[in-house]
Amino acid sequence: MDALTDAELTILGLLVEHPRHGYELEHVIEERGVRNWTALGFSSIYYVLDKLAKRGLIEAMGPRASAKSRVPFAATEAGRAQCAAATREALAEPSPVRARVLVAMANSAALPDADVAAGLAERRAALRERLAELRAIRAAQEPLPVAARGIFDYSEAMLEAEIAWADTTLTTYDQETAMEKYDVKQARKDLYAPSAKDFAVVEVPELRYLAVDGHGDPNADTAYSDAVEALYSTAYTLKFASKADGRDFTVGPLEGLWRADDLSAFVERRKEDWAWTMLISLPEWITDDQVKAAVAKAAEKKDNPALAKLRVLTLNEGASVQILHRGPYDDEAPTLDRLHNAYMPANGLAFNGDHHEIYLNDPRRTEPAKLKTVLRQPVRPV
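Residues numbered from 1 in each chain as written. Predicted model: local features only at pLDDT ≥ 70, side-chain atom pairs only at ≥ 80, totals over all residues. Heavy atoms only, no water.

Visitor: With reference to specific residues and values, describe the packing of helix α10 (residues 222-244) against helix α12 (residues 288-301).
Guide: Relative orientation of the contacting elements α10 and α12 amounts to 115 degrees, with a least axis distance of 9 Å. For the crossing formed where α10 meets α12, the hand is right-handed. Between α10, through Ser233, Thr234, Thr237 and Leu238, and α12, the contact on the second element is made entirely by Gln290, Val291, Ala294, Val295, Lys297 and Ala298. Looking at the contact of α10 with α12, its residues break down into five nonpolar, four polar and one charged. (Axes fitted to C-alpha atoms, helices over the stretch in contact; angles between N-to-C directions. Helix = DSSP H or I, 4+ residues; strand = E, 2+ residues; numbered from the N terminus. Left-handed = near helix turned anticlockwise from the far one by under 90°. Contact = heavy atoms within 4.5 Å. Nonpolar A, V, L, I, M, F, W, Y, C, P; charged D, E, K, R; others polar.)

So this is what it looks like as structure tokens:
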């Protein structure tokens, strides 16, 4: 016996009460406010009627001239039995929460806080309007039988709970907006927003990072993806802990130090010869002990071998040449060739550290042509 959908059980239940045709069903659905607790449009009524009839759960009480002719339907004995069984099950079994807003909240990190707050405020206003409509429908039908009162009580309670949730969540967003949030990209625009037109020399101060070391092609080696996942899981654990203590920060972009015995491996993109240290910057107030606690907490959630390799790295690059690269990572070669073989020799500069890249976009969500990458090379006078 196939399970009944909510719409099918609703229509079948109305026909168990007594025979009705499609227009009568629409009137009852509208009058009782059924659409406040189940998605059932007018056109879908006839689709559901046809499905129930094909399954032998209802039958037409006369010939039908068209799909929407006013021929009443009545529940069959099989329909009454299945309606009763499905009703008992639905009464006893708690329904899982599948509100679409939960999907939206899970994705809300991709939006500015102001946009999330605006969407929630709009949702709250719509919920309040729906609650007012529901109460008006209820008032027009008082006094109600026990079952009808239960339906309206439940619907009102759910709407009130959603409104209360929206109120609480909006208050939280207001508090977070008021809390100063450190963003390394904004605080150090000189380091994270260089020009794409030409190379520039900057003085990079001592900075601390979460770091994981590795070797090999980042596109083929699972050690690389494990490292990136370990960095982000630890960084976000630190963010939430710090936020609870009253100091919030935006998790910085992924960065990487790249090295090879033969520097031509970068220009020629021989990735199997690359060694790397992937990084995410740390706010200055985060301590080593906090990092250890965050790593331990991240390890409780998922077994990732890279977490055991994660460390705090203090980097003092000093004088560095940098430029913004726009486009796919594999198109960096001509820029690196100009840097290594033209700009640095012409300005009397030599290598003084690993090649450093800062990935300002998420490559999973950004077209390759729109990727922005800071290319940085620590240097010293020849």
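Visitor: Pulling in residues and values, what's your account of the environment of Gly216?
Guide: Locating Gly216 in the fold gives a position in the loop between β4 (200-215) and α10. For Gly216, a relative accessible area of 9% gives the class buried. Gly216 sits 161 residues away from Arg55 along the chain, and the two C-alpha atoms are 60 Å apart. Those residues in contact with Gly216, other than ones at most four positions away along the chain, are Lys271, Glu272, Trp274 and Trp276. (Buried < 20%, exposed > 50% of the residue type's maximum accessible area, 1.4 Å probe, protein only.)

Visitor: I'd like a rundown of the nonpolar core, residues and numbers included.
Guide: Counting residues in each nonpolar core, the largest one holds 40 residues, and the members touching the most others are Leu210, Leu231, Leu238, Leu254, Trp258, Met278 and Val291. Secondary structure elements with two or more residues in this core: β4, α10, β6 (254-259), β7 (275-281), α12, β8 (311-326), α13 (333-346) and β11 (372-381). Ranked by residue count, the leading element in this core is α10, at seven residues. Setting aside residues up to four positions removed in sequence, Leu231 forms contacts with Leu210, Ala211, Val212, Leu254, Met278, Leu279, Ile280 and Leu310. With 23 residues, the next largest nonpolar core counts Ile11, Leu25, Ile58 and Ala75 among its residues. (Core = buried A, V, L, I, M, F, W, Y, C linked by side-chain atoms within 4.5 Å.)

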